[in-house]
Amino acid sequence: MYNFILASQPKSYNARKSDAYQRRIKAAFLTAYPVHHLIDHDLYGLVYHFYKVDIGIDADNISKLVWDSLTGVAFVDDSQVKLRVAGSFDLSSTDLVTLDFSGLTKETIDSLLGAIESEDHVLYIECGEFSMNLIRLNLESNGN
């Protein structure tokens, strides 16, 4: 699994012309994983946008650009991302105490919490091996 933090105002897939933003996504990944291998199997992808200032970008459009940016860097092709989860969370109304940090390294947790404290926009980005046990129907009842 790869996970990393990007402390930057996200761009929308609809504003694809942002080469500088895509370079920031790649740079954040490469900083977290200077030595890595291209994943060549099916993946899940997770992008959570934590914000203090609402800029009106929907979570799905944020995640599309992230996966496009990581193509050829983290994995061979974004079509490998079989399950995408995306969310946007207003920090003024989100209780971070309820987040489940289990399985994350101390460095990742510290990086995420530090960025959330000091930045207006933070992305938590994660991808890993897809399996059917990640699929949940009736999520409200069966999410745990």
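Criteria and cut-off values
Residues numbered from 1 in each chain as written. Predicted model: local features only at pLDDT ≥ 70, side-chain atom pairs only at ≥ 80, totals over all residues. Heavy atoms only, no water. Buried < 20%, exposed > 50% of the residue type's maximum accessible area, 1.4 Å probe, protein only. Helix = DSSP H or I, 4+ residues; strand = E, 2+ residues; numbered from the N terminus. Pairing = 2+ DSSP bridges. Axes fitted to C-alpha atoms, helices over the stretch in contact; angles between N-to-C directions. Parallel < 35°, antiparallel > 145°, perpendicular 65-115°, else oblique. Left-handed = near helix turned anticlockwise from the far one by under 90°. Contact = heavy atoms within 4.5 Å. Nonpolar A, V, L, I, M, F, W, Y, C, P; charged D, E, K, R; others polar. Core = buried A, V, L, I, M, F, W, Y, C linked by side-chain atoms within 4.5 Å. Patch = residues over 30% accessible without salt bridge, like charges linked within 9 Å, V, L, I, M, F, W, Y side chains within 5 Å. Areas by Shrake-Rupley, 256 points an atom, 1.4 Å probe, with all protein chains shown as cover. Salt bridge = Lys/Arg side-chain N within 4 Å of Asp/Glu carboxyl O. Phe/Tyr/Trp six-rings, centres within 6.5 Å; stacked < 30°, edge-to-face > 60°. Lys NZ or Arg CZ within 6 Å of the ring centre and 35° of its normal. Polar contact = N/O pair within 3.5 Å; in protein donor to acceptor, adjacent residues only side chain to side chain.

J.: Talk me through the pairing of strand S1 (residues 2-6); I want residue IDs and the actual numbers.
T.: Among the five residues of S1, five are classified as buried, and the element is accordingly described as predominantly covered. A two-sided burial pattern is seen for S1, the buried positions comprising Tyr-2, Phe-4 and Leu-6 on one face and Asn-3 and Ile-5 on the other. Pairing geometry for S1 and strand S4 (residues 121-129), over five bridges, is antiparallel. Its bridge partner lying in S4, Leu-6 is registered against Leu-123.

J.: Describe the packing of helix H1 (residues 19-32) against helix H2 (residues 59-70), with residues and values.
T.: Two elements in contact, H1 and H2, have axes whose closest approach is 9 Å; the angle formed by their N-to-C orientations is 65°. Looking at the two axes, H1 sits roughly perpendicular to H2. The crossing of H1 and H2 is right-handed. Residue-level contacts link Tyr-21, Gln-22, Ile-25, Lys-26 and Phe-29 of H1 to Leu-65, Val-66, Asp-68, Ser-69 and Leu-70 of H2. The residue inventory of the contact of H1 with H2, partitioned by class, reads six nonpolar, two polar and two charged.

J.: Just give me the short version of the nonpolar core, but keep the residues and values in it.
T.: The biggest cluster of nonpolar side chains holds 23 residues, and the ones touching the most others in it are Phe-29, Val-66, Trp-67, Leu-70, Phe-75, Leu-123 and Ile-125. Apart from the residues lying within four places of it in its own chain, the contact partners of Phe-75 are Leu-38, Ile-39, Leu-43, Trp-67, Leu-70, Gln-80 and Val-81. If you look at the next biggest cluster of nonpolar residues, it comprises eleven residues, including Leu-46, Leu-104, Ile-116 and Tyr-124.

J.: Residues and numbers for a nonpolar patch on the surface, please.
T.: A cluster of nonpolar side chains, contributed by Met-132, Ile-135 and Leu-137, occupies part of the molecular surface with about 340 Å² of accessible area. Residue position: Met-132 is located in the loop between S4 and helix H4 (139-142). In this structure Met-132 comes out as exposed when scored by relative accessible area, which is 61%.

J.: Give a detailed account of the packing of aromatic side chains, specifying residues and quantitative values.
T.: Under the criterion given, the structure shown has eight aromatic pairs. Centroid distance Phe-29 to Tyr-33: 5.4 Å. Interplanar angle 35°. Geometry classified as tilted. Neither residue differs from the other here; Phe-29 and Tyr-33 are each classed as buried. Judged by centre distance (5.4 Å) and plane angle (80°), the rings of Tyr-48 and Phe-89 are edge-to-face. In this pair, Tyr-48 is assigned in strand S2 (residues 43-51) and Phe-89 in strand S3 (residues 81-90), connecting sequence segments 41 residues apart. Note on Tyr-48: relative accessible area 25%, which makes it partly exposed. Every member of this aromatic cluster is reached through a ring pair, and the members are Tyr-2, Phe-4, Phe-29 and Tyr-33. The aromatic ring of Tyr-13 is capped on one face by Lys-64, whose charged end is 5.4 Å from the ring centroid.

J.: Describe the side chain of Asn-3, and please don't skip the residues or the numbers.
T.: As for its position among the elements, Asn-3 is in strand S1. Residue classification places Asn-3 among the buried positions, given a relative accessible area of 7%. A polar contact of 3.3 Å, which involves the side chain of Asn-3, links it to the side chain of Tyr-124. In this view, Asn-3 contacts Ala-32, Tyr-33, Leu-104, Thr-108, Tyr-124, Ile-125 and Glu-126; residues no more than four positions away in its chain are not counted.

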